[in-house]
Amino acid sequence: MPTRRGFLGHAGAAGLAAWLATHADAIAAAADHAHAQSRAAAPRLENLSPAQARTIEAVAARIVPSGDDGPGAREAGVIWFIDRALGTLFAGARATLLHDLESLPADFADHDAVAQDAQLASIEAGPLFGQLHFLTVLGLLSSPDYGGNRDQLGWRLMGFEDTHAYEPPFGHYDRDYPGFAPPAPAAGSRS
Amino acid sequence: MSARRYRDGETVDFAVIGSGAAGGVLARELSQAGFSVVLFERGPRFTPGMFRHDELEYWFNYGLINDPKDSPQSFRGSPDEVARPILDGGTPPAFYAQMVGGSSNHFTANYWRFHEIDFHERSVLGAISGTGFADWPISYAELEPYYTKVEWEVGVSGLAGASPFDPPRSKPYPMPPLPVKSSGVLLERGARQLGLHPFPAPMAIASTPWRGRPACIHCGFCMGFGCEAMAKSSTLYTMIPEAEATGHCEVRDLSYVFRIATDAARRATGVHYFDAAKREHFQKARAVVLSANGAESARLLLASDSASFPHGLANSNGLVGKYLMFNAGAEVLAEFEHELNEYKSVQVTRIVHDFYDADPARGFYGGGGIDARIGPMPIVWALETPPGEPRWGAGYKRWLRSFPRTLKAVAHCTSLPLETNSVSLDPQLKDAWGQPCIRVTYRDHPDDLAFAAFLQARAEEIVQAAGALRTWRYPVVESTASPHLLGTCRMGDDPESSVVDREHRSHEVRNLFICDGSSFVTSGRGQPTMTIQALAFRAAGHIGRHARANGI
C-alpha cells in the first residue's frame, strides 16, 4: 500500500487534479487505515502451535524457496498470514488441515531440502499439499494488511506493484506504438 | 441528490427489482419519463472510496458477489443427478455483484454490440437438433438506436469503422479507445501477420472525462473489482444518480424482494421484501419490472407461485429458468521476451472478430471473439498453473517471475440454448431468509466445447505469430460457474415457447415486465452487457408507452 503522501504525489504527477478533488480524502483514508494495520506490533501465533507453524513454514519455503534468485515464502512472512487466516477467513479449514498435517514427520522442518522435496513430491496430489499451496500463494500475494507479503516481497518477486494510477506506456511493446491504422476491408466480410 | 422517498403504502408506478446493468437503465428511463419508481437492490450501496484493491477479499471472500454463507446455491451437470450444495469456499454457479449497480461494478466492461447475424442465426443456419436454437423476435436494426444510446449515455470508448465485421451504426463512439497496452499491440501484430483484422476494443470505461466522470487512471484493478475512480461506466455512476436527480426515483438498497404479489385478476400488485433487519414489507406498485439477472429473476418468478400460478409466476409453459447460457470460453497463456506489465490499466485494448460467424464447414456450431489481457491479478494468476509447469520449488518461483512478461489470449464463445440447462429452485436448500435457493443444472453442448477449443487454437496461433517465447493452452473444461446469466426468460412472439414478448412484457401477467440477461434467445459471442443495456433502453420506451396509455 502506498503511503498517503506517496499516493498523492504520484496521482498529482499523473495530472489527476479533478479526480483528486472529489476522491482524494476517501482513498487516502482507506490507504492510511490499511497501512496502520500492517504496522501493528510484532505478531505472535494465534491459531498454530510453534511446532505446527515450523512445519508449515518449512513446507511454504519449499513451495516458494529462498535462493540466489531472491527471498521466498519464508522471508515474505507467509506463516503469519496462514496463522491469522486459520482463525478468520479459513477458520473452517483449520481442524482438517492440522489433522492432515500430522501425516508429515514431526521433524519435517529439520530435514534437508532434498528430503523435504521427496516428501512433498509424495503428497503433491493430495488435499494437504493443495491446501498448503493455496495458503502459501495467498500469504505471498495478498495485501500485506493480511499479515503476509511483508514489505510487498511477494509482489516484488512477481514484478507486480500497486500504485493506484499509471500512465502509458505500460510495457515494452506499447512504447513505440505508431497508432491504429484501419486495415483494408476483409475479403467477403459480412454484416 | 434530491432522491425521493416513498412509503410502503403509497402506490408507485413501478417497482424495479435489481439495480444492475438493466435495472439501472430502466429506473433512469422510467423516472425521467415522469413515473414514480422504487428501485430495489438486495445489496449495499458503495461510494467510490469504498472499493479496494484487495484481491483476497473480492476473489476469495465474496467481497462484492453473492455469498454462499447466507445464500448457497447447488449445482448438477444434468437433470438426473442430485445437485450438490456449493457452500462457503466454493464459487456460486451463478455469481454476480450484489450491490447497487450490480455486476456493472465488477465487470470487465467489454462492450461489443451483437452483430446482425446474432438475431436471425437460426434462419440462416437451420435447426440444431436437441437444442432450443431460435431467432430473436427483434432484429439488429430495431436495437441499433439503443446500442447508440448505451454508447452515448452510459459511456463507451471505441473506434467506429475500425472493424470490417462491425454491424452498421448511426453514430461514432463518444470517446476514443483507451490507450493501447502491450497485450493489444501484440494481439494486433500477431493477428495482422495472419491476415486477420484486429481492432480497438469497445469498453464501457471513460477514456476521457465524460458526463461529469473522470477518465480511467489505469490502476489495473478492474475485472472483479469496483472502480474507485468512477471511470468504469457502471450504472452506480451513470444511470442511477440520473434517476435520483429526477426526484421520482428512490433507490432502496439492502432490500431483498422475495415475492412478487398477484391478485385474482392475475395482475401484479407489488413486491414483498425484507429490509436490512429482515423485517417484511410490502410495496404497492402499478407494475413490476424484474431485472434481477438471469439467475435471480428466474428464481423470484419460480418462488412467487400462487393458486393462480401454481408453477411459479409467468410459468404456465414451464420455460422460466430453462435455456440458461453461460458463454463458453478458453484461454491461452503466452510468455514474451520483454515486460508487458498487463496488471496495469484496463483488461482489454484490442480484439479479433474474424471468427465471429459460425461456419458449418467446421462440423460444429459456434462463433466468437478473441482478446488479450492479464486476466486475474497476482493471486489467481499464481494459482492457475498451466499444464506442464511445476506447482512448487525453484521452477514454480521462476514461473511466478514471468508474470509481467505474460498475457492471456482469451476466446469468448457461444453457448447453445439447451432446455436441460436451467435455474430452478433447490428442493432442500434455504437461504438465511428462509427462501428457496438457486439450483443450477448445466452441461455445455459438445459444439460449445468444440468451438472453444477451435478458437483457443486460433488465439494460440496469433500470440505465436506475435513472437511469444512459450505458450500454454489451459484445458477446455465443462462450465460449472459463470457471471454470464442468460436466456432463462427468453423473448419470443409465441407464448408457448417464450416467457416475455418482444416488448419484455410477460405473456401471462399484463403488468409484469422482465428485462435483463434472462431475455436473451441466443448467447451472443461472450460479451452480453452491452446488449442487456440496449434491450433495457428499448424496453423502457415500450413500458412507458403502455403506462401512459393505461395499458399496464
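Residues numbered from 1 in each chain as written. Chains lettered and ligands numbered in written order. Predicted model: local features only at pLDDT ≥ 70, side-chain atom pairs only at ≥ 80, totals over all residues. Heavy atoms only, no water.

This paragraph deals with the overall build of chain B. Looking only at helices and strands, one finds 12 helices and 17 strands in chain B. What you see for chain B is a C-alpha radius of gyration of 22 Å, in line with the 24 Å of a compact globule of 552 residues. Buried residues in chain B amount to 69% of all 552 residues. The contacts of chain B with a sequence gap of at least 6 include a subset with a gap of at least 24, amounting to 75%. For chain B, the exposed area adds up to about 16,800 Å²; of that, 51% sits on carbon and sulfur atoms. For chain B, the distance from the average position of its 55 positive side-chain charges to the average position of its 60 negative side-chain charges is 3 Å. (Helix = DSSP H or I, 4+ residues; strand = E, 2+ residues; numbered from the N terminus. Rg over C-alpha atoms; globule rule 2.2 N^0.38 Å. Buried < 20%, exposed > 50% of the residue type's maximum accessible area, 1.4 Å probe, protein only. Contact = heavy atoms within 4.5 Å. Areas by Shrake-Rupley, 256 points an atom, 1.4 Å probe, with all protein chains shown as cover. Lys, Arg positive; Asp, Glu negative; His and termini not counted. Charge placed at Lys NZ, Arg CZ, Asp CG, Glu CD.)

Next up on the list: the overall build of chain A. Of regular secondary structure, chain A possesses eight helices and zero strands. The N-to-C order of helical and strand elements in chain A reads α-α-α-α-α-α-α-α. When burial is assessed residue by residue, chain A has 44% of its 191 residues classed as buried. Here the analysis covers contacts within chain A between residues at least 6 apart in sequence; of these, 69% occur between residues at least 24 apart. Roughly 9,200 Å² of accessible area belongs to chain A as shown, and the carbon and sulfur atoms make up 55% of that amount.

Turning our attention to the packing of helix α3 (residues 50-63) of chain A against helix α5 (residues 94-101) of chain A. Residues and elements named next belong to chain A. In the contact formed by α3 and α5, the axes pass within 11 Å of each other and the chain directions differ by 80°. Here α3 lies roughly perpendicular to α5, going by the angle between them. Where α3 approaches α5, its residues Q52, T55 and I56 are matched on the opposing element by L97, L98 and L101. Residues of the contact of α3 with α5, tallied by class, amount to four nonpolar, two polar and no charged. (Axes fitted to C-alpha atoms, helices over the stretch in contact; angles between N-to-C directions. Parallel < 35°, antiparallel > 145°, perpendicular 65-115°, else oblique. Nonpolar A, V, L, I, M, F, W, Y, C, P; charged D, E, K, R; others polar.)

Residues and elements named next belong to chain B. The biggest cluster of nonpolar side chains holds 182 residues, and the ones touching the most others in it are F14, I260 and L400. Among the elements that line this core, the one with the most residues is helix α12 (residues 529-548), at 10 residues. Discounting chain neighbours no more than four positions away, the residues touching I260 are I17, A268, G270, V271, V288, L290, L300, L301, S304, L313 and L512. (Core = buried A, V, L, I, M, F, W, Y, C linked by side-chain atoms within 4.5 Å.)

Turning next to the pattern of salt bridges. Side chains carrying opposite charge are able to pair once their charged atoms draw close together. All names here are of chain B. For the structure shown, the criterion picks out 45 salt bridges over all chains. When the shortest N-O distance is used, the salt bridge between R252 and D8 registers 3.2 Å. Of this pair, R252 sits in strand β6 (residues 249-252) while D8 sits in the segment before β1 (12-17), placing them 244 residues apart in sequence. In this structure, the salt-bridge partner of R299 is E296, at a minimum N-O distance of 2.8 Å. Residue R299 and its partner E296 are both found in helix α8 (residues 296-303); the two are separated by three residues, about one turn of the helix. Grouping residues by exposure puts R299 and E296 together as buried. Each of R28, E29, K149, E153, R211 and E242 takes part in salt bridges that share partners, so that together they form one network. (Salt bridge = Lys/Arg side-chain N within 4 Å of Asp/Glu carboxyl O.)

Residue and element names in this part refer to chain B. Note on placement: S71 falls in the loop between α2 (55-60) and β3 (73-76). Within the structure, S71 has its side chain in polar contact with the side chain of R42 (distance 2.5 Å). S71 has contacts with R42, D431 and W433, leaving out every residue within four places of it along the chain. (Polar contact = N/O pair within 3.5 Å; in protein donor to acceptor, adjacent residues only side chain to side chain.)

What follows is about α5(A). Residue and element names in this part refer to chain A. Among the residues of α5, those classed as buried are L97, L98 and L101. One face of α5 carries all of its buried residues, which in axial projection span an arc of 95°. In this structure, α5 carries A95 and H99 as exposed residues pointing more than 90 degrees from its buried face. Looking at the packing, one finds that the buried side of α5 touches α3 and α7 (127-141). (Arc of directions from axis to C-beta.)

Here we come to helix α6 (residues 182-193) of chain B. All names here are of chain B. Given a rise of 1.5 Å per residue, 12 residues ought to cover 16 Å, and the 16 Å separating the end C-alpha atoms of α6 matches this to within 8%. Every buried residue of α6 is accounted for by S182, S183, G184, V185, L186, L187, E188, G190 and A191. Of the residues one or two after α6, G195 is the one with positive phi, at around 80°. (Expected span 1.5 Å × (residues − 1).)

Right, let's get into the sheet that holds strand β15 (residues 436-441) of chain B. Residues and elements named next belong to chain B. Spatially, four strands are ordered β4-β3-β15-β14 in an open sheet, and the strand pairing comes out mixed. The two strands at the open ends of the sheet, each matched to only one other strand, are β4 (84-86) and β14 (422-430). Looking at each pair of strands side by side, their axes are set apart by 40° on average, direction ignored. Both β3 and β4 contribute to a ladder of three bridges, which runs antiparallel. If you follow Q73 over to β4, its bridge partner there is I86. (Pairing = 2+ DSSP bridges.)

Confidence in the prediction for chain A averages 82 pLDDT; 73% of positions are at 70 or higher. Here residues 1-37 of chain A scores under 50 on pLDDT; set against residues more than four positions off or in separate chains, the count is 44 contacts. (pLDDT = per-residue confidence, 0-100.)

A word on the packing of aromatic side chains. Evaluated as defined, the whole model comprises 35 aromatic pairs over all chains. Taking the centre distance of 6.1 Å and the plane angle of 70° together, the rings of A:F160 and B:F221 count as edge-to-face. With one member in each of two chains, A:F160 in the segment after α8 (153-158) and B:F221 in the loop between β5 (199-200) and α7 (239-245) form a pair that bridges those chains. Residue A:F160 shares its accessibility class with B:F221, and that shared class is buried. For the pair B:F46 and B:F51, a centre-to-centre distance of 5.0 Å together with 40° between the ring planes defines the contact as tilted. Aromatic rings pair up to connect A:W155, A:F160, A:Y166, B:Y58, B:F221, B:F225, B:Y343, B:W381, B:Y396, B:W399 and B:F403 into one cluster. Sitting above the plane of the B:Y256 ring, B:R42 keeps its charged end 3.9 Å from the centroid. Over the face of the ring belonging to B:W152 we find B:K171, whose NZ or CZ atom lies 4.0 Å from the ring centre. (Phe/Tyr/Trp six-rings, centres within 6.5 Å; stacked < 30°, edge-to-face > 60°. Lys NZ or Arg CZ within 6 Å of the ring centre and 35° of its normal.)

A few words on the interface of chain A and chain B. Tallying the contact residues gives 60 residues for chain A and 66 residues for chain B. Taking both partners together, chain A and chain B bury about 5,500 Å²; carbon and sulfur atoms supply 65% of that area. Of the charged contacts in the structure, one is a salt bridge between A:D69 and B:K397, with a shortest N-O distance of 2.9 Å. For the side of chain A that touches chain B, the class distribution of residues is 37 nonpolar, 14 polar and nine charged. (Buried area = accessible area lost by both parts, 1.4 Å probe.)

Glancing now at the sheet that holds strand β11 (residues 350-352) of chain B. All names here are of chain B. Strand order in the open sheet formed by six strands is β5-β11-β12-β13-β10-β16, with antiparallel pairing between adjacent strands. Edge positions in the sheet fall to β5 and β16 (470-473), since each has one partner strand and no second. Seen against the sheet, α6 touches β11, β12 (368-373) and β13 (406-413) and runs at an angle of roughly 30° to β11.

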